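Examining the three-dimensional arrangement
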Amino acid sequence: SLAPKVGHAVHMPGHTYVHIDRWDDAAKAFESSAEVDRAYIRDNKETTDHAAGPYGHNVHFLATVYGYQGRYRDAVRVSQELLDATRAPDEQKSRTALEGRISMLRALVRFEKYDEILNGKSLPDEGAFEVLKAWRYYALGLAKIGKGDVAAARAHIETLEREVGWLKEKFGKAKDLPQAGRQRQQLRALAVAPLELQARVLAREGKADEAVAKLREGVEEEIKLGYSEPPLFPSPMEEVAGKVCLELKRWKEAEEFFGAALERDPGSGRAYFGLMQAQHALGKDNESRISYAKFLNAWSKADADLPEMRRAKELAGT
């Protein structure tokens, strides 16, 4: 309120709100910050987002918050805004060009839009950022698992691991790497990606104990990444682990993982949705009803056609 025309000042409260279950307030802070920056660029006839400071970071974080709120269409809309803002030749190596690509990939992965990931159009290209090539292999592998093509997923995992090894070697020597610090951050986060994919493949193959062990490894590996906002890995591994445990009918472990997800991200709609299902399966009817109510509150602005929303209505009848 003391600096209403400084975009980053308007943005900063959102960093607090996401930790105390005030996701609507976080979204409002980031939306307001984006408008301040857009106005600055417009009023000063700027042709670059650089003039507005951390504009790309702000909108990327806004898309991430929309992801927690179940607002897929809004997440894609603002991610596309970043991509559109960096089509000019002198913008293609900018921070916003990188963040826009990461933001769009995160939205597709977070909402499990497997058809879109595989359609050859929706998943962003790597542009000037070689680390995005590895992230594309991760997303494609995830989509193949989601579609039941385990053999293709294994091939993508192998390609991903080779690509990460090559990037580690190249990034260690490169001196003219666009957005070098942020690309190296993204490379660190890729340590988690094969673990998630391997766990999901093991679950598909019915190797439940091995899958759960691999999920725990993935959770620990993500914890090692440390603080970053938005988080470096597209989906919280605690939520991923909980969801895979639901598929395996490992209800107690699913409850444990979703509980940990809520400790990490208080008010997360996906975590409440998963926790509700685990509690229902465990016969904890009162707890399940409470989690259901909290899920509805958390996703009060969610897209109505999401699978979680449909499934929640089905479960409500039981």
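What you are looking at is a predicted structure, and each value in this text was computed from that prediction instead of being measured.

1. Structural notes on the overall build of the chain
Along the chain, the regular secondary structure elements total 17 helices and zero strands. Rg of the C-alpha trace for the chain: 20 Å, near the compact-globule value of 20 Å for 318 residues, within the 12% margin. Along the three orthogonal principal directions, the C-alpha set of the chain runs to about 60 × 45 × 35 Å. The buried share of the chain, taken over its 318 residues, is 53%. For the chain, the share of sequence-separated contacts (at least 6 apart) that also reach a separation of at least 24 residues comes to 65%. A total accessible area of about 14600 Å² is found for the chain, and carbon and sulfur atoms account for 50% of it.

2. Digging into unusual backbone geometry
What is expected of a backbone is that most residues other than glycine have negative phi and most peptide bonds are trans. Of note, the amide linkage connecting Glu 229 to Pro 230 takes the cis form, showing an omega dihedral of 0 degrees. You will see that Lys 45, though not glycine, has its phi angle at about 50 degrees, which is positive. By secondary structure assignment, the location of Lys 45 is in the loop between helix H3 (23-43) and helix H4 (55-68). Under the relative-accessibility criterion, Lys 45 is labelled exposed at 71%. The phi angle at Gln 179 is positive, at roughly 50 degrees, despite the residue not being glycine. Examined against the element boundaries, Gln 179 turns out to sit in the loop between helix H9 (150-173) and helix H10 (180-189). Exposure remark for Gln 179: the relative accessible area of 22% places this residue in the partly exposed category.

3. Some points on the nonpolar core
In this structure, Ile 117, Val 131, Trp 135, Tyr 138, Leu 160, Leu 190 and Leu 215 are the most contacted members of the largest nonpolar core, which totals 77 residues. Here this core takes 10 residues from helix H8 (residues 131-146), the largest share from any one element. Sequence-distant contacts of Leu 190, defined by excluding residues within four places in its chain, comprise Val 131, Ala 134, Trp 135, Leu 160 and Val 164. Counting 19 residues, the second-largest nonpolar core is a separate cluster that includes Trp 23, Val 59, Ala 63 and Val 65.

4. Description of the layout of surface pockets
By volume, the largest pocket is sized at about 690 Å³. Around the largest pocket, the lining is made up of 28 residues, and of these Glu 112, Lys 243, Phe 273, Gln 277 and Glu 308 lie nearest the centre. For the lining of the largest pocket, the elements supplying multiple residues, two or more each, are helix H6 (95-110), helix H11 (193-204), helix H13 (237-247), helix H14 (251-264), helix H15 (269-281) and helix H17 (307-316). In terms of residue count, the dominant contributor to the lining of the largest pocket is H15 (six residues). By residue class, the composition of the lining of the largest pocket is 13 nonpolar, four polar and 11 charged. For the second largest pocket, the calculated volume is near 380 Å³. Residue lining of the second largest pocket: 19 residues in total, with Gly 226, Ser 228, Pro 231, Arg 264 and Asp 265 positioned closest to the centre. Elements supplying a minimum of two residues to the lining of the second largest pocket: H4 and helix H12 (208-224). Per element, the largest residue contribution to the lining of the second largest pocket is three residues, and it comes from H4.

5. Topic: H9
For H9, built from 24 residues, the straight-helix expectation of 34 Å at 1.5 Å per residue is met to within 8% by its first-to-last C-alpha distance of 35 Å. Along its buried surface, H9 packs onto H8, H10 and H11.

6. Considerations on empty space enclosed by the protein
In this structure the tally under the stated criterion is three cavities of 30 Å³ or more. Empty space within the largest cavity amounts to approximately 50 Å³. Every residue along the wall of the largest cavity is listed here: Ala 63, Thr 64, Gly 67, Ala 75, Ser 103, Arg 106, Ala 107, Arg 110 and Phe 111. Put simply, the parts of the chain that give the lining of the largest cavity at least two residues each are H4 and H6. For the lining of the largest cavity, the leading source of residues is H6, giving four residues. Classifying every residue of the lining of the largest cavity gives four nonpolar, three polar and two charged. The space that makes up the second largest cavity amounts to roughly 40 Å³. Lining the second largest cavity are Ile 102, Leu 105, Arg 106, Leu 132, Trp 135, Gln 186, Leu 232 and Pro 234. Mapped by element, the contributors of at least two residues to the lining of the second largest cavity are H6 and H8. Take the lining of the second largest cavity: its biggest share by element is three residues, from H6. Counted by class, the lining of the second largest cavity contains six nonpolar, one polar and one charged residues.

7. Things to note about the side chain of Ser 79
Within the fold, Ser 79 resides in helix H5 (residues 72-85). Those residues within four positions of Ser 79 in sequence are excluded, and the remaining contacts are Ala 63, Gly 100, Ser 103 and Met 104.

Reading the values: rules and limits
Residues numbered from 1 in each chain as written. Predicted model: local features only at pLDDT ≥ 70, side-chain atom pairs only at ≥ 80, totals over all residues. Heavy atoms only, no water. Helix = DSSP H or I, 4+ residues; strand = E, 2+ residues; numbered from the N terminus. Rg over C-alpha atoms; globule rule 2.2 N^0.38 Å. Buried < 20%, exposed > 50% of the residue type's maximum accessible area, 1.4 Å probe, protein only. Contact = heavy atoms within 4.5 Å. Areas by Shrake-Rupley, 256 points an atom, 1.4 Å probe, with all protein chains shown as cover. Core = buried A, V, L, I, M, F, W, Y, C linked by side-chain atoms within 4.5 Å. 1 Å grid on protein atoms, 1.4 Å probe; cavity = no way out; pocket = protein on both sides within 12 Å on 5 of 7 lines; lining within 4 Å. Points joined across faces, edges and corners; volume = space filled by probe spheres on them. Nonpolar A, V, L, I, M, F, W, Y, C, P; charged D, E, K, R; others polar. Expected span 1.5 Å × (residues − 1).

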